[in-house]
Amino acid sequence: MRWFISIRYLLSHLRQSLVCIAGVTISVLMFIVMTSMMQGFTDKFIIETVESSGHITVHDEPREMETKILERAYQNPNAVLVLHGVRPRDQIKQIKNPIGLMATLRRMPGIVAAAPMVSGDAIATYGTKTFGIAVEGVEPEQEIAVTTIGDKMIAGDFNKLKTTADGIILGFGVAQTLGVHLDDNLALSSPEGGQTTAKVVGVFSTGVTPVDYSRTYMLLSDAQTLLNKKNIINEITIRTEDYTQAREIASQIEAICGYKTESWQEANENFLKIFTIQTVITYFITGALLVVAAFGVLNILIMSVLERVNDIAILKSFGLSRSDITQIYFFQGLVIGLLGSLIGLGLGKLAVEGLRRLPLQLEGLVRSEGLMMAEHPSEYIQAFVGAMLITMLAAVYPARRAAKYDPVEVIRGAH
Amino acid sequence: MARIDYLSQPGTQVRGSSEEAPLLRAQNVHRILGSADTATHILKGVDLSIHRSEYVSIVGASGSGKSTLLYLLGGLDRPTQRDVDQTEFAPPSRIFIDAQDTTQLNDQSLALLRNEKIGFVFQFHYLLKEFTAQENVCLPMFKLGRLSKSDAMDRAAMLLKRLGLAEKIKRRANRLSGGEQQRVAIARALANEPAALLADEPTGNLDRHNGEVVADIFHELAAGNQTIVMVTHDTTMARRARRMITMEDGRITHDEAVTTESLK
């Protein structure tokens, strides 16, 4: 009976009820679209960055800088130590016994693969064009095991590094900037004095602009020669079974080897912070929309209570309790929330699909054809639960107020 | 209009005699509205017993407390237990409905008791305008839950037919005339076969013709052994009852059987 009365009351104010339902629908729709868009961007960035660069990187330097000699001698923290004429020591940094370390790492639980790397900067020249690049010297089979770079090739083959003398694979942006194609020869020079001519054997595109516009791959031995780092390994790239566990595994590795070991989360901390802020803003905006919708629900229910004081009195006179009256109004909020949420979820799903198909060429931090829309069931659940909670919360006050009316006072007032 | 043969379903209990426990009993009933300086003592120690099958009218000037007494007898209001100076009334101010002390019941139980035993008719019909006449009559039955939805709809249709509204069953309450609305309100009050039908100025809002129609309905219901307590200003209608109670300043001043002699 309570449902019967609730539904009839809602239908009697169909237009206002529809406006309230529309308010909830729009809030849910906006939440789904915005979170899908933001999450899509975040996912794309994280996945592409993580998968093309490895989950964990062991660097050739200790986490803590060694205590300087003067600070060892003068341990007073308040002392001002000034040195004149200091020159940096020419120190060759490298990971000691990288083969042994990699063997140890491969035996650790949670680690799938480890690959050696020598990295450094170089200048690439093609004709009159010159461009600064990051050179990563790798063993192709091992690199493909720790990253997805092999799948990101848009021209050539990653394994050709092994079969081509002084071969180089360029990021899409680097190739585009220099205007080179497969089999073109580039002149490379490094700050360490190394020089070579490399043949383009492949072009990759990760979709992450900073990577595609700076990174290049060479065979490990070729890169060691170019960067003047003979037999030196200065990074080890690691792939884990579950990339979300990278932070924990990185700290374990660091404890074992003593080298600074960065998880992808640590390496991209600034971006992750921005994504967190972005998520907070999304929640804030959609939350504000939902609050506005909730005020709509509150408003229509209060109006409904005020204009049905006589109904409440007569319902009580023939036996409805305070609880029954509360439920009649609470159910109205529930129906508005339920319909608004379900329609919002449906429209949200359609909007996500529609936006995904929009023919847009996007290029920013990440490059994509069409909007990057991610769909996680948790977002739909959050939208539904949030909308239901807030609309039901909005129904509490009118429902309680309706239940408080004293039928005798109402009937006396009507006389 | 055809005689209303007590609008009951098979198995309706036989109405009792005056030796039985009263159906409605007021014991030293006080009702004070407001508090401290603004307190108004509406009822000042009313004692009253109403037995099954009685047809009682309560008359009195405005403000004499007759409507307040009616609401208390029907469990819609609760008697005041303490005087303004906080002394407890002795004997305690109590209302009994079918021997149940309403002061011992919580709101939920009292509401259920009202639903089962009492039918109210007010001066204004108080129909729910979004519902049809039939649905309005069904509401108390839906609450009681004794009948299935279809049985409740059938009974509502039967009640409305007997009250001369056969053609208006599916009509929205706000599309009915004043007299028709009041008849729907009477049908709603009778929906759960209440032990007592309590009416507060049931003809107060009606024109002469419709007032007479409603008065006839009450008369016929009383003839069918329906217990009726009616508050009215209409002396003609009051004298159609079998017992007439007169109230003045919160007290019962006369309680008399209405005889053919007294009608003269």
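What you see is a predicted model; the values in this text were computed from it and never measured. (Residues numbered from 1 in each chain as written. Chains lettered and ligands numbered in written order. Predicted model: local features only at pLDDT ≥ 70, side-chain atom pairs only at ≥ 80, totals over all residues.)

K.L.:
For the packing of helix α14 (residues 322–356) of chain A against helix α15 (residues 377–404) of chain A, give the residues involved together with the corresponding values.
P.N.:
All names here are of chain A. Closest axis-to-axis distance for the α14/α15 pair is 8 Å, and the angle between their directions is 155°. The orientation of α14 relative to α15 falls into the category roughly antiparallel. Handedness of the crossing formed by α14 with α15: right-handed. (Axes fitted to C-alpha atoms, helices over the stretch in contact; angles between N-to-C directions. Helix = DSSP H or I, 4+ residues; strand = E, 2+ residues; numbered from the N terminus. Parallel < 35°, antiparallel > 145°, perpendicular 65-115°, else oblique. Left-handed = near helix turned anticlockwise from the far one by under 90°.)

K.L.:
Which residues make up the nonpolar core, and what values go with them?
P.N.:
Core analysis: the biggest nonpolar cluster contains 184 residues, and Val 184, Ala 187, Ile 228 and Val 229 of chain B have the highest contact counts within it. Sort the elements by how many residues they give to this core and helix α2 (residues 14–53) of chain A lands first, with 15 residues. Every residue in contact with Ala 187 of chain B, bar those within four places of it in the chain, is listed here: Val 137, Ala 156, Leu 159, Leu 160 and Leu 163 of chain B. (Core = buried A, V, L, I, M, F, W, Y, C linked by C-beta atoms within 7 Å. Buried ≥ 20, exposed ≤ 12 C-beta atoms within 10 Å, placed from the backbone. Contact = placed C-beta atoms within 7 Å.)

K.L.:
Report on the sheet that holds strand β7 (residues 196–200) of chain B, specifying residues and quantitative values.
P.N.:
Residues and elements named next belong to chain B. With respect to topology, six strands assemble into an open sheet ordered β6-β7-β8-β3-β9-β10, the strand pairing being mixed. Only two strands of the sheet have a single partner each, and these edge strands are β6 (118–121) and β10 (251–257). Strand after strand, the sheet turns through a mean of 15° between neighbouring axes, direction not considered. Docked against the sheet, helix α6 (residues 208–223) engages β3 (55–60), β7 and β8 (227–231), running at close to 150° with respect to β8. (Pairing = 2+ DSSP bridges.)

K.L.:
Give a detailed account of the sheet that holds strand β1 (residues 24–33) of chain B, specifying residues and quantitative values.
P.N.:
Residues and elements named next belong to chain B. Overall, antiparallel pairing links the four strands, which are arranged β2-β1-β4-β5 in an open sheet. Each end of this open sheet is capped by a strand with a single partner; those strands are β2 (40–50) and β5 (100–101). Alignment of strand β4 (residues 94–97) against β5, held across two bridges, turns out to be antiparallel. When the sheet's bridge partners are listed, Ile 97 is paired in β5 with Gln 100. The strands touched by helix α1 (residues 66–73) are β1, β2 and β4; relative to β1, the strand with the most contacts, the crossing angle is about 125°.

K.L.:
Provide a residue-level description of the pairing of β4 of chain B, including the pertinent values.
P.N.:
Residues and elements named next belong to chain B. As judged from the four bridges shared by β1 and β4, these two strands associate in the antiparallel manner. Each bridged residue has a counterpart across the sheet, and for Leu 24 the counterpart in β4 is Ile 97. Between β4 and β5, which pair antiparallel in sequence order, lie two residues; one of them, Asp 98, sits at a positive phi of approximately 50°.

K.L.:
Help me get a handle on the interface of chain A and chain B, residues and values and all.
P.N.:
Facing the 22 residues of chain A at the interface are 21 residues of chain B. Counting only elements with at least two residues in the side of chain A that touches chain B, the list comes to α1 (2–12), α13 (309–317), α14 and α16 (407–414) of chain A. Considering each element in turn, the side of chain A that touches chain B owes the most residues, six residues, to α13 of chain A. Grouping the amino acids of the side of chain A that touches chain B by side-chain chemistry returns eleven nonpolar, seven polar and four charged. (Nonpolar A, V, L, I, M, F, W, Y, C, P; charged D, E, K, R; others polar.)

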